[in-house]
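Listed here are the chains, written in short residue letters.
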Amino acid sequence: MRIHKEGLATILIATIVVSAVNLLTLFLVMPSYPVLGWIIMIGMVGLLIFILSFFRIPKRNHATGEDLIVAPCDGTVVVMEEVEADEFFKDKRLQLSIFMSPLNVHVNRNPCDGEVLYSQYHPGKFLVAWHPKSSTENERHSVVYELHGKQMLVKQIAGALAKRIVNYLKPGMKVKQGEEMGFIKFGSRVDLLLPIGTRLDVKINQKVKGGVTVLGKW
């Protein structure tokens, strides 16, 4: 397991803050209130461990296959329904949404091979990630992939805690399934808009792993 590059600055700042608070606690609180001092110090170390775990990249064997749609992130499947596309496409699409809790791995990966046709950032609100309007009103970044004439749109959506979306893709890039497409910090959601008729092999409330779980075939 390694730490993602997007977390290095955050981890450095957190380490400095935790060290400073624990030193102050050791000299100012512990002599008079030892129990309170231990609570503060253990809590601060726990916070640092949480931040380290949030930016983890576990070693995995990724699924591959031109006809496969692989989960772009860790999380729980919360939506599977037909919708009217609100961006790029002008027809109906099959939407599959994955909710990412703060405890999930937050690296986002390409769900397929292909060419990037579209990559667009949208400023917006910070509604909770499971809110029905989060797909269209929250801060988000949308990417459209094309493979053998088939196209899918993937949205990285910010949540109430996620205040920063990172995306590495630009139109015209050729990408590989399972490679990193970006990162979302501290709880969020990823939507996939797939062609109608796409066969899905997951169900609502199923836990999925980014780069590993096969969502279906197209």
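Residues numbered from 1 in each chain as written. Predicted model: local features only at pLDDT ≥ 70, side-chain atom pairs only at ≥ 80, totals over all residues. Heavy atoms only, no water.

S.K.: Any details on the nonpolar core? Residues and values, ideally.
M.R.: One finds I98, Y145, M152, L192 and L215 to be the most contacted residues of the largest nonpolar core, which totals 28 residues. Contributing elements (two or more residues each) for this core: β5 (92-100), β8 (140-147), β9 (150-158), β12 (180-184) and β13 (188-194). The greatest single-element share of this core, amounting to four residues, is contributed by β5. Ranked by size, the runner-up nonpolar core spans 13 residues in total, among them I11, L48, F54 and F183. (Core = buried A, V, L, I, M, F, W, Y, C linked by side-chain atoms within 4.5 Å. Buried < 20%, exposed > 50% of the residue type's maximum accessible area, 1.4 Å probe, protein only. Helix = DSSP H or I, 4+ residues; strand = E, 2+ residues; numbered from the N terminus.)

S.K.: For the sheet that holds strand β10 (residues 165-167), give the residues involved together with the corresponding values.
M.R.: Ordered by their spatial adjacency, three strands build an open sheet running β6-β12-β10, and the pairing between neighbours is antiparallel. Edge strands, defined here as strands with exactly one partner in the open sheet, are β6 (107-109) and β10. Adjacent strand axes in the sheet meet at a mean angle of 20° when their direction is disregarded. Note that β10 and β12 share three bridges and pair antiparallel. In the strand pairing of β12, I165 is matched with I184. (Pairing = 2+ DSSP bridges. Axes fitted to C-alpha atoms, helices over the stretch in contact; angles between N-to-C directions.)

S.K.: Can you break down the packing of aromatic side chains residue by residue, with the values?
M.R.: Going through the model one piece at a time under the given rule, you end up with five aromatic pairs. Seen in terms of ring centroids, F54 and F55 are 5.0 Å apart; in terms of plane orientation they differ by 85°. Their pairing is edge-to-face. With respect to class, F54 is no different from F55; both count as buried. Ring geometry for F88 versus Y118: centroids 5.2 Å apart, planes at 45°, classification tilted. Of the two residues, F88 sits in the loop between β4 (75-84) and β5 while Y118 sits in strand β7 (residues 114-122), which places them 30 residues apart along the sequence. Note on F88: relative accessible area 37%, which makes it partly exposed. Members of the aromatic cluster, joined through ring pairs, are F54, F55 and F183. For K5, the ring lying beneath its charged end belongs to Y168, and the centroid distance is 4.8 Å. (Phe/Tyr/Trp six-rings, centres within 6.5 Å; stacked < 30°, edge-to-face > 60°. Lys NZ or Arg CZ within 6 Å of the ring centre and 35° of its normal.)

S.K.: Describe the UniProt feature "transmembrane region" (unreviewed entry) in the chain, and please don't skip the residues or the numbers.
M.R.: In the UniProt entry, the feature "transmembrane region" (unreviewed entry) is given for residues 7-29 and 35-55. The straight-line gap between the two end C-alpha atoms of residues 7-29 is 31 Å; of that span, 96% is helix and 0% is strand. Along residues 35-55 one finds 95% helix and 0% strand; the C-alpha atoms at either end are 31 Å apart. (UniProt positions renumbered as here; feature names shortened; annotations may be inferred.)

S.K.: Can you tell me about the side chain of E6, naming the residues and giving the values?
M.R.: In this structure, E6 sits in the loop between β1 (2-3) and α1 (8-29). We classify E6 as buried; its relative accessible area is 13%. A polar contact of 2.8 Å, which involves the side chain of E6, links it to the side chain of Y168. With near-sequence residues (within four places) excluded, E6 lies in contact with F55, R164, V166, Y168, F183 and K185. (Polar contact = N/O pair within 3.5 Å; in protein donor to acceptor, adjacent residues only side chain to side chain. Contact = heavy atoms within 4.5 Å.)

S.K.: Tell me about a nonpolar patch on the surface, and name the residues and values.
M.R.: On the surface, a nonpolar cluster with roughly 550 Å² of combined accessible area is contributed by L23, L24, L26, F27 and L28. Its place among the elements puts L28 in helix α1. (Patch = residues over 30% accessible without salt bridge, like charges linked within 9 Å, V, L, I, M, F, W, Y side chains within 5 Å. Areas by Shrake-Rupley, 256 points an atom, 1.4 Å probe, with all protein chains shown as cover. Salt bridge = Lys/Arg side-chain N within 4 Å of Asp/Glu carboxyl O.)

S.K.: Could you give me a rundown of α1, with the residues and numbers involved?
M.R.: Look at α1: 30 Å from first C-alpha to last across 22 residues, which is about the 32 Å you get at 1.5 Å a residue. Every buried residue belonging to α1 is among I11, A14, V18, N22, T25 and V29, and all of these are buried. The buried residues of α1 occupy an angular sector of 85° when projected down its axis, which confines them to one face. Seen from the open side of α1, the exposed residues pointing more than 90 degrees away from its buried face are L8, A9, L12, I13, I16, L24, F27 and L28. (Expected span 1.5 Å × (residues − 1). Arc of directions from axis to C-beta.)

S.K.: Lay out the domain arrangement of the chain in plain terms, naming residues and giving numbers.
M.R.: Structurally, the chain comprises domain 1 (2-57) and domain 2 (68-217). Listed as interface residues are ten residues of domain 1 and, on the opposing side, 16 residues of domain 2. Here domain 1 and domain 2 share an interface that buries about 1100 Å² over both sides, 62% of which is from carbon and sulfur atoms. Of all residues in domain 1, E6, F54 and R56 bury the most surface against domain 2, accounting for 53% of the area lost on that side. Scanning the region where domain 1 abuts domain 2 turns up zero salt bridges. If you look at where domain 1 meets domain 2, you find three residue pairs in polar contact (both at pLDDT 80 or more). Elements with a contribution of two residues or more to the side of domain 1 that touches domain 2: α2 (34-54) and β2 (56-57). (Domains from an automatic or database assignment. Buried area = accessible area lost by both parts, 1.4 Å probe.)

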